[in-house]
Amino acid sequence: FGGAYGTRYVHAHDPLQLQGYGAVVVAAAAAASSGLHPAYVDVEDSHFEDAAGGSGAALAVLGGYRTSVALRRMTMSRGRAESAGGGVFVGGYLDELRIEDSVVSDNAAAQTQTNVTGPVGGVCLAGGASRVRLARSALERNAAAVGGALAAGWVDSFEAANTSLSHNTAAVVL
């Protein structure tokens, strides 16, 4: 399901698990889907380097209704995904994604399919989000066929302040 260098997990009845995930896997869906309590995933003061996996080489969040993800003061570099999210993959809907004081760089996704849930170099929000906020961060030199830096199925609100989106080989897709 998850491993330091991306364990491959195959389960014929669940397409979300066909390609495995990367270094850290967080299953937030159960808590959030109950509707009783929101789920929060916070990653702070951390460094992910040279991770590999199917989706979300460094971090995979299997989100659900009322899930929020915050990445603060972290570095995520040189991740390699077979499918989507060389850095981060979020499966499911998010209330909010916040990336603050962080660097997501030199990540890549290998496949060449061209839909938004496909190859995304830096951050892939497969189900979309109500709000995406980037502050004092850099998403640089990420490579993929779609969304070199960031891609989402849809986003209601997108904000970027004091953030660099440079040298990515595909455009930001929202």
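Below, the structure is looked at part by part. Just so we're clear, the structure is a prediction, and the values are computed from it rather than from any experiment.

Right, let's get into the side chain of Ser-137. Mapped onto the elements of the fold, Ser-137 is located in the loop between strand S14 (129-135) and strand S15 (138-140). A distance of 3.4 Å separates a polar side-chain atom of Ser-137 from the backbone oxygen of Ile-99. Separated by 2.8 Å, the side chain of Ser-137 and the backbone oxygen of Ala-135 make a polar contact. Dropping the residues within four chain positions of it, Ser-137 is found in contact with Ile-99, Glu-100, Asp-101, Ser-102, Asn-162, Thr-163 and Ser-164.

What follows covers the sheet that holds strand S10 (residues 94-100). Spatial ordering of the open sheet is given by S2-S6-S10-S14-S17, a layout of five strands whose pairing is parallel. Among the strands making up the open sheet, the edge pair consists of strand S2 (39-44) and strand S17 (155-161). With strand direction ignored, the average angle separating the axes of adjacent strands in the sheet is 5°. The pairing of S10 with S14 spans six bridges and is parallel. Paired with Glu-96 across the bridge in S14 is Arg-131.

It is worth spelling out the pattern of salt bridges at this point. Across all of its chains, the model carries 14 salt bridges by this definition. We note a salt bridge from Arg-131 to Glu-96, for which the minimum N-O separation is 3.0 Å. Of the two residues, Arg-131 sits in strand S14 while Glu-96 sits in strand S10, which places them 35 residues apart along the sequence. Judged by relative accessible area, which is 31%, Arg-131 ranks as partly exposed. Of the charged contacts, one joins Arg-133 and Glu-96 as a salt bridge, the two residues approaching to 3.5 Å between their closest N and O atoms. Here Arg-133, found in strand S14, pairs with Glu-96, found in strand S10; they are 37 residues apart in sequence, far enough to count as distant. Here the salt bridges do not stand alone but share partners, grouping Asp-42, Glu-44, Asp-45, Arg-72, Arg-73 and Glu-100 into one network.

What follows deals with unusual backbone geometry. Here Arg-78, not a glycine, exhibits a phi torsion of approximately 55°, which is positive. Non-glycine residue Arg-141 carries a positive phi angle of around 55°. Secondary-structure assignment places Arg-141 in the loop between S15 and strand S16 (150-152).

Core analysis: the largest hydrophobic core is formed by 28 residues, its most contacted members being Leu-71, Leu-97, Val-123, Leu-125 and Val-132. At the level of elements, S2, strand S5 (59-62), strand S6 (67-72), strand S9 (88-91), S10, strand S13 (123-125), S14 and S16 are the ones that each hand at least two residues to this core. Core analysis: the next-biggest nonpolar cluster, separate from the first, contains nine residues, Ala-60, Leu-62, Ala-84 and Cys-124 among them.

A few words now on the sheet that holds strand S4 (residues 52-55). Strand order in this open sheet of three strands is S4-S8-S12, and the pairing throughout is parallel. With partners counted over all chains shown, the strands left at the sheet margins are S4 and strand S12 (108-109), one partner each. When strand S8 (residues 80-84) meets S12, the two strands line up parallel, connected through two bridges. When the bridges of S12 are listed, Arg-80 appears paired with Ala-108.

Turning next to the pairing of S14. Counting buried positions along S14 yields five of seven residues, so the element is predominantly enclosed. As judged from the six bridges shared by S14 and S17, these two strands associate in the parallel manner. When the bridges of S17 are listed, Val-132 appears paired with Phe-158.

Reading the values: the criteria
Residues numbered from 1 in each chain as written. Predicted model: local features only at pLDDT ≥ 70, side-chain atom pairs only at ≥ 80, totals over all residues. Heavy atoms only, no water. Helix = DSSP H or I, 4+ residues; strand = E, 2+ residues; numbered from the N terminus. Polar contact = N/O pair within 3.5 Å; in protein donor to acceptor, adjacent residues only side chain to side chain. Contact = heavy atoms within 4.5 Å. Pairing = 2+ DSSP bridges. Axes fitted to C-alpha atoms, helices over the stretch in contact; angles between N-to-C directions. Salt bridge = Lys/Arg side-chain N within 4 Å of Asp/Glu carboxyl O. Buried < 20%, exposed > 50% of the residue type's maximum accessible area, 1.4 Å probe, protein only. Core = buried A, V, L, I, M, F, W, Y, C linked by side-chain atoms within 4.5 Å.

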